[in-house]
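Here are the chains, one letter per residue:
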Amino acid sequence: MTSTIDPQTSAVHTPRAFEPHRTGPAGALLHVLRRIPTWLTIAVLLVIFIYPLFWMVINSFKSNSDFLNNPSYALPVVWEWENYVIAWETGNLATTITNSLIVTVPSLVFIVLLGTAAGFALEVLVFKGRGTVLLLFLAGIMIPGQMIVLPLFNTFFQLGINNSYLPMILIYTAAGLPLTVFMMATYFRAIPREIFEAATIDGASMTRAFFAIGFPMMRNAVITVAIVQFFLIWNDLLIALIFGGKRSLNTIQVGLLNFSGEYGAINYGPLFAAICITTFGILILYLFLNQRIMKGLAAGAVKG
């Protein structure tokens, strides 16, 4: 026996059933009005973040008299393009940028390797007193750098390494480890421990488990920590000024002090030009790595 379907009882799908819901003029106006607060908020944020960059750029093309006698937000009366040439030569930017890279890159390598390894040990390995060790690392964050400058300077002077890059690299590495260890321990906490237990059952040592499993899984977190520490080291003035010693070892932040002339007079145009050169270079780097930074920050916020 076969069954038949009554055409009158079957569902009929017409093209009109799949057409999107259309709102009238009143609905469109209401939709626009609801978005106005969002647009205003975005506009205010853009002004807050973009205006300082605009102010810095226009002042980098001004002469000293133009900067001092006219409003700082006004466009230059005469565009002084040679300010960038003066900035490059007076600030010795080629040397200072190179010195900053020589100090920053090794410090970041040591911070990332040692900090990630310490975070791995504190969260993955099981040993007595690991909570106390983590608290000791956190205590390092609360020690002001100004308190240890004099003892460190005396120590490096007695060791005979004060006129080199080594003191700055050692200090930046030690200063960056507490925060890095805390952050990496938080990120490792989000990784299921069963992954490392399975690797151990398969015969992998802890060293191999760290380099083959743990470190690759922390790629976004490592980039986030490296960027945070990069900005802290790159923008530092106190340590570079005290331990830099010779003029040939000046970093970029110390080099910006060269624009202060006799009796404290400042050549504002070249100074802003030098700041623009360094700032926009760092800004471009951040824009390229922005997505990885966001992924890294989110990785440590959830428990796996």
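This write-up is about the structure you can find in this document. Every chain begins its residue count from 1, and numbering advances along the sequence as written. Predicted model: local features are reported for residues with pLDDT of at least 70 only, side-chain atom pairs are reported and counted for 80 or more only, and whole-chain, interface and lining totals are derived from all residues. No hydrogens and no water enter the side-chain calculation; it runs on all heavy atoms of the structure.

## Things to note about the overall build of the protein chain
This is how the line gets drawn: Secondary structure elements follow DSSP: runs of H or I of four or more residues count as helices, runs of E of two or more count as strands, with numbering from the N terminus. Accessible area is worked out with a 1.4 Å probe on protein chains only. A residue is then buried under 20% of its type maximum, exposed over 50%, and partly exposed in between. Here, residues are in contact when the closest pair of their heavy atoms is within 4.5 Å.
From N to C terminus, the protein chain includes 13 helices and zero strands. Ordered by position in the sequence, the α and β elements of the protein chain form the string α-α-α-α-α-α-α-α-α-α-α-α-α. Relative to its full complement of 304 residues, the protein chain shows a buried share of 32%. Summarising the internal contacts of the protein chain: among those between residues at least 6 apart in sequence, 71% fall at separations of at least 24.

## Quick notes on the pattern of salt bridges
As a reminder, the rule being used: Whenever a carboxyl oxygen of Asp or Glu lies within 4 Å of a side-chain nitrogen of Lys or Arg, that contact is scored as a salt bridge.
Per the counting criterion, the structure on display carries one salt bridge. The salt bridge partner of arginine 189 is glutamate 123, with a shortest N-O separation of 2.9 Å. Here the residue arginine 189 occupies a position in helix α7 (residues 166–189), and glutamate 123 occupies one in helix α4 (residues 93–123), the gap between them amounting to 66 residues. For glutamate 123, a relative accessible area of 13% gives the class buried.

## Describing the packing of aromatic side chains
This is how it is decided: Under the pairing criterion, centres of Phe, Tyr and Trp rings, with the six-membered ring standing for Trp, must be within 6.5 Å; the plane angle then separates stacked pairs below 30 degrees from edge-to-face pairs above 60, leaving the rest tilted.
With the rule as written, the count across this model stands at 17 aromatic pairs. Relative to phenylalanine 272, the ring of phenylalanine 67 has its centre 5.6 Å away and its plane inclined at 45°; by these criteria the two rings are tilted. Here the residue phenylalanine 67 occupies a position in helix α2 (residues 64–69), and phenylalanine 272 occupies one in helix α13 (residues 268–299), the gap between them amounting to 205 residues. Take phenylalanine 67: its relative accessible area is 15%, and that puts it in the buried class. Through a chain of ring-to-ring contacts, three or more aromatic side chains come together here, namely Phe120, Phe188, Phe196, Phe210, Phe211 and Phe215.

## A few points about the side chain of threonine 180
We apply this condition: Here a polar contact is taken to be a pair of N or O atoms separated by no more than 3.5 Å, where protein atoms must pair a possible hydrogen donor with a possible acceptor and residues adjacent in sequence count only if both atoms sit in side chains.
Tracing the backbone through its elements, the reader meets threonine 180 in helix α7. Engagement of the side chain of threonine 180 in a polar contact is seen with the backbone oxygen of glycine 176, the distance being 2.7 Å. Aside from chain neighbours lying at most four places away, what touches threonine 180 is Ile111, Gly115, Val225 and Gln229.

Take it as geometry only, folks, not as evidence of what the structure does.
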